[in-house]
Amino acid sequence: MHTTTPRPPHGLTRDAGWELEVRRTLDCSPEDAWQQLLTEWLPQWLGVDSVPQMVGAPLRSRGRIRGRVVGCHVGRRVRVRWTPEILDHETMFQVTLLESSNGTTLSIHQERLLGPAERQSLLEHWSSVLEQLAQSLEHTPGISEVDLRG
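Not measured: the values here are computed from a predicted model. (Residues numbered from 1 in each chain as written. Predicted model: local features only at pLDDT ≥ 70, side-chain atom pairs only at ≥ 80, totals over all residues. Heavy atoms only, no water.)

In spatial order, the strands read β1-β6-β5-β4-β3-β2; together these 6 strands make up an open sheet with antiparallel pairing. Across the chains shown, the open sheet's two edge strands, defined by having one partner strand only, are β1 (18-26) and β2 (58-61). On average, each strand axis in the sheet is tilted by 20° relative to the strand beside it, whichever way the strands run. In the packing of helix α1 (residues 30-46) onto the sheet, the strands contacted are β1, β2, β3 (64-73), β4 (77-82), β5 (91-100) and β6 (103-113), and the crossing angle to β5 comes to about 160°. Contacting β1, β4, β5 and β6, helix α2 (residues 116-139) runs over the sheet at an angle of about 10° to β1. (Pairing = 2+ DSSP bridges. Helix = DSSP H or I, 4+ residues; strand = E, 2+ residues; numbered from the N terminus. Axes fitted to C-alpha atoms, helices over the stretch in contact; angles between N-to-C directions. Contact = heavy atoms within 4.5 Å.)

Turning our attention to unusual backbone geometry. Keep in mind that most residues, glycine aside, have a negative phi and that most peptide bonds are trans. At Arg62, a position not held by glycine, the phi torsion is positive, near 50°. The topology assignment puts Arg62 in the loop between β2 and β3. Residues other than glycine seldom take positive phi values, yet Arg112 does so here, at roughly 70°. Locating Arg112 in the fold gives a position in strand β6.

What follows concerns α1. Between its first and last C-alpha, α1 extends only 21 Å over 17 residues, short of the 24 Å set by a 1.5 Å rise per residue. Along α1, the sharpest change in direction is near 55° and occurs at Leu37. All of the buried residues in α1 are Pro30, Ala33, Trp34, Gln36, Leu37, Leu38, Trp41, Leu42, Pro43, Trp45 and Leu46. Within two residues after α1, Gly47 carries a phi angle of roughly 65°, on the positive side. (Expected span 1.5 Å × (residues − 1). Bend = angle between axes of the 7 residues up to and from the residue. Buried < 20%, exposed > 50% of the residue type's maximum accessible area, 1.4 Å probe, protein only.)

Moving on, we get to the packing of aromatic side chains. Enumeration according to the criterion identifies 4 aromatic pairs in this entry. Considering the side-chain rings of Trp45 and Trp126, the 5.9 Å spacing of their centres and the 65° angle between planes classify their relative orientation as edge-to-face. Of this pair, Trp45 sits in helix α1 while Trp126 sits in helix α2, and the two are 81 residues apart along the sequence. Each member of the pair, Trp45 as well as Trp126, is classed as buried. When the centroid spacing of 5.0 Å and the interplanar angle of 45° are considered together, the rings of Phe93 and Trp126 count as tilted. Placement of the pair is Phe93 in strand β5 and Trp126 in helix α2, with a sequence separation of 33 residues. In this structure Phe93 comes out as buried when scored by relative accessible area, which is 1%. On the accessibility criterion, Trp126 (1% relative accessible area) is buried. Grouping aromatic residues by their ring pairs yields a cluster made of Trp41, Trp45, Trp82, Phe93 and Trp126. (Phe/Tyr/Trp six-rings, centres within 6.5 Å; stacked < 30°, edge-to-face > 60°.)

Another aspect to go through is the environment of Ser127. Considering the arrangement of structural elements, one finds Ser127 in helix α2. A sequence separation of 104 residues divides Ser127 from Arg23, and the C-alpha atoms of the two residues are 8.0 Å apart. In terms of polar contacts, Ser127 uses its side chain to reach the backbone carbonyl oxygen of Leu123, at 2.8 Å. (Polar contact = N/O pair within 3.5 Å; in protein donor to acceptor, adjacent residues only side chain to side chain.)

End to end, α2 covers 35 Å across 24 residues, agreeing with the expected 34 Å (1.5 Å per residue, within 8%). The complete set of buried residues in α2 reads Glu118, Arg119, Leu122, Leu123, Trp126, Val129, Leu130, Leu133, Ala134, Ser136 and Leu137. Taken together, the buried residues of α2 touch β1, α1, β4, β5 and β6.

With that settled, the discussion passes to the confidence of the model for the chain. The pLDDT averaged across the chain works out to 89; a share of 87% of its residues lies at or above 70. Mean pLDDT per element in the chain: α2 is the minimum at 93, and β4 is the maximum at 97. pLDDT under 50 marks residues 142-147. Its contacts with residues more than four places away, or in other chains, come to 15 contacts. (pLDDT = per-residue confidence, 0-100.)

Here it is in C-alpha cells:
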C-alpha cells in the first residue's frame, strides 16, 4: 500500500516559514546593477542608511539597528536578516544578480514570513517594485530616479 504525504501549500517551506521569490530582467549590466543595488536600491528598499558588503555588519536607520548582513558574494548576492517597518518580526531578505542574454536578472527572495496573507502582500509589493525599477531603467538606462522603498 502506498500512502502519499500531502504537499504543503505553495510558498510554505519546511523550516523557513512562508517565502517568496520575484525575478525581473533589467536593461543594465551586472556591474551597473550591483553598484546601484548597494548605493541606491537596497538602502531604499530596506529603509536603511547603507548596506555594507561585510558579513556581520549592521543595517542602521537613523542610528537604530534594523538588521544585519548575513551573506555577501560581491557582485552577485547580498543576504540580510531584516525587520521591515511594516512587520513586527525579522525576515531573511536576499537579492541575487544573474547575467542574462538581454541584461541582468534581479531576483528577490524573502523568507520567514508568517502566513499566506503576508506572503501575498509582499509578493505583490516586490513585483511592483521590480516593475517600476525595470520601467525606470528603460527610460533612463543605468539610472533610477523612481521611489523604490520597501
